[in-house]
Amino acid sequence: MGDRKYRKSKTRTVNRDFLIITNGARSEKVYFELLGKKSIYRVKVEFYDGDTLNLVRHAIKVKDGANQVWCVFDIDSTPKEKTINDAISLAKNNDINLAYSNPSFEIFLICHFQEPKRGMSQKEQINLLTSLIQKTNPNMIYKKGDYEMTSKIFIPRYKTAYEISKKGYENYTKEYRNMSYPIWKFEASSNVFSLIDALNLDNKKY
């Protein structure tokens, strides 16, 4: 009987660590902690108090071999165009991903119901969210970072937010296709849908 040769299969350990760093202490942190439970990855959400550029610098220091690292920020937290451009360049050179909302995360939350309008003040965004929430929950008002509200109202609608925010973002990229990345001009928009894509939700096998 001849010798039998066996090929040893190499098992590869996939790094499941997925790090999200945000300068939004309430709404963003709670939202992604809840949404991360649907991910195939082991999602950690960290708050860091800094503008976009310092957020990226911090991410570089703490990424420690994570499968993916994302910085989540609002445009209104970084008013200077140069700071945003520097953050984009630094992130690109260090394999850090960026997810923004302009001007604030409430724009992305509005996408869970409808397309946001341009030119809304922060107060108008909050009032609109309360109005939209009360259509099905009359006694509930919008509160930043409210765990029950986020779990009950927003997370079940994340696919709607994905579609609406992606459509709005794509419209802007067509409009500015011959220019550099002017996300500070993408009023009432969010590319958080790209982070949702990366999280690979609802496909957990363990």
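As a starting point, this report considers the structure included with it. Note that the structure is predicted; figures quoted are calculated from it, not measured.

Thoughts on helix H2 (residues 52-62)
No. 1: Of all the positions in H2, only Thr 52, Leu 53, Leu 55, Val 56, His 58 and Ala 59 are classed as buried.
No. 2: Buried residues along H2 sit in contact with strand S1 (17-22), strand S2 (42-47), strand S3 (68-74), helix H3 (81-93) and strand S4 (97-102).
No. 3: A distance of 3.2 Å separates the backbone nitrogen of Leu 53 from a side-chain oxygen at the start of H2, and that oxygen is part of Asp 51.
No. 4: Count one or two residues on from H2 and you reach Asp 64, which has phi positive near 45°.

Describing empty space enclosed by the protein
The probe, sized like a water molecule, is rolled over the atoms to show the empty space still left.
No. 1: All chains considered together, the criterion is met by 1 cavity of 30 Å³ or more.
No. 2: Computed from the structure, the largest cavity encloses a volume of approximately 40 Å³.
No. 3: Along the walls of the largest cavity sit Ser 27, Tyr 31, Phe 105, Leu 109, Gly 145, Met 149, Thr 150 and Phe 154, which together make up its complete lining.
No. 4: Among the secondary structure elements, those contributing two or more residues to the lining of the largest cavity are helix H1 (27-35), helix H4 (105-110) and helix H6 (147-154).
No. 5: Sorting elements by how many residues they give to the lining of the largest cavity places H6 first, with 3 residues.
No. 6: Taken together, the residues that form the lining of the largest cavity break down as 5 nonpolar, 3 polar and no charged.

Comments concerning the pattern of salt bridges
Should the charged atoms of two oppositely charged side chains come close, the side chains can pair.
No. 1: Taken as a whole and assessed by the stated rule, the structure comprises 3 salt bridges.
No. 2: Among the ionic pairs, Asp 17 bridges to Arg 42, the shortest N-O distance being 2.8 Å. Of this pair, Asp 17 sits in strand S1 while Arg 42 sits in strand S2, placing them 25 residues apart in sequence.
No. 3: Judged by relative accessible area, Asp 17 falls into the partly exposed class, the value being 32%.

Concerning the layout of surface pockets
No. 1: Estimated volume of the largest pocket: approximately 170 Å³.
No. 2: Every residue lining the largest pocket is counted, 14 residues in all, and those nearest its centre are Glu 115, Arg 118, Gly 168, Tyr 172 and Ala 188.
No. 3: The biggest single contributor to the lining of the largest pocket is helix H7 (residues 158-175), with 6 residues.
No. 4: Split by residue class, the lining of the largest pocket holds 6 nonpolar, 5 polar and 3 charged.

Description of the packing of H2 against H3
No. 1: Relative to each other, H2 and H3 sit at 20°, their axes nearing to 8 Å. In terms of orientation, H2 and H3 fall into the roughly parallel class. The two elements H2 and H3 meet at a crossing, and its hand is left-handed. Two secondary-structure elements touch here, H2 through Thr 52, Leu 53, Val 56, Arg 57 and Ile 60 and H3 through Thr 83, Asp 86, Ala 87, Leu 90 and Ala 91.
No. 2: Its residues placed into classes, the contact of H2 with H3 shows 6 nonpolar, 2 polar and 2 charged.

Section: unusual backbone geometry
No. 1: The amide bond that connects Asn 102 to the next residue, Pro 103, takes the cis arrangement and shows omega of 5°.
No. 2: Its place among the elements puts Pro 103 in the loop between S4 and H4.
No. 3: Notably, Asp 64 is not glycine yet its phi reads approximately 45°, a positive angle.
No. 4: Its location among the elements puts Asp 64 in the loop between H2 and S3.
No. 5: Unusually for a residue other than glycine, Ala 188 sits at a positive phi of about 55°.
No. 6: Of note, Ala 188 is situated in the loop between H7 and strand S5 (189-190).

Thresholds applied
- Residues numbered from 1 in each chain as written.
- Predicted model: local features only at pLDDT ≥ 70, side-chain atom pairs only at ≥ 80, totals over all residues.
- Heavy atoms only, no water.
- Buried < 20%, exposed > 50% of the residue type's maximum accessible area, 1.4 Å probe, protein only.
- Helix = DSSP H or I, 4+ residues; strand = E, 2+ residues; numbered from the N terminus.
- Contact = heavy atoms within 4.5 Å.
- Polar contact = N/O pair within 3.5 Å; in protein donor to acceptor, adjacent residues only side chain to side chain.
- 1 Å grid on protein atoms, 1.4 Å probe; cavity = no way out; pocket = protein on both sides within 12 Å on 5 of 7 lines; lining within 4 Å.
- Points joined across faces, edges and corners; volume = space filled by probe spheres on them.
- Nonpolar A, V, L, I, M, F, W, Y, C, P; charged D, E, K, R; others polar.
- Salt bridge = Lys/Arg side-chain N within 4 Å of Asp/Glu carboxyl O.
- Axes fitted to C-alpha atoms, helices over the stretch in contact; angles between N-to-C directions.
- Parallel < 35°, antiparallel > 145°, perpendicular 65-115°, else oblique.
- Left-handed = near helix turned anticlockwise from the far one by under 90°.

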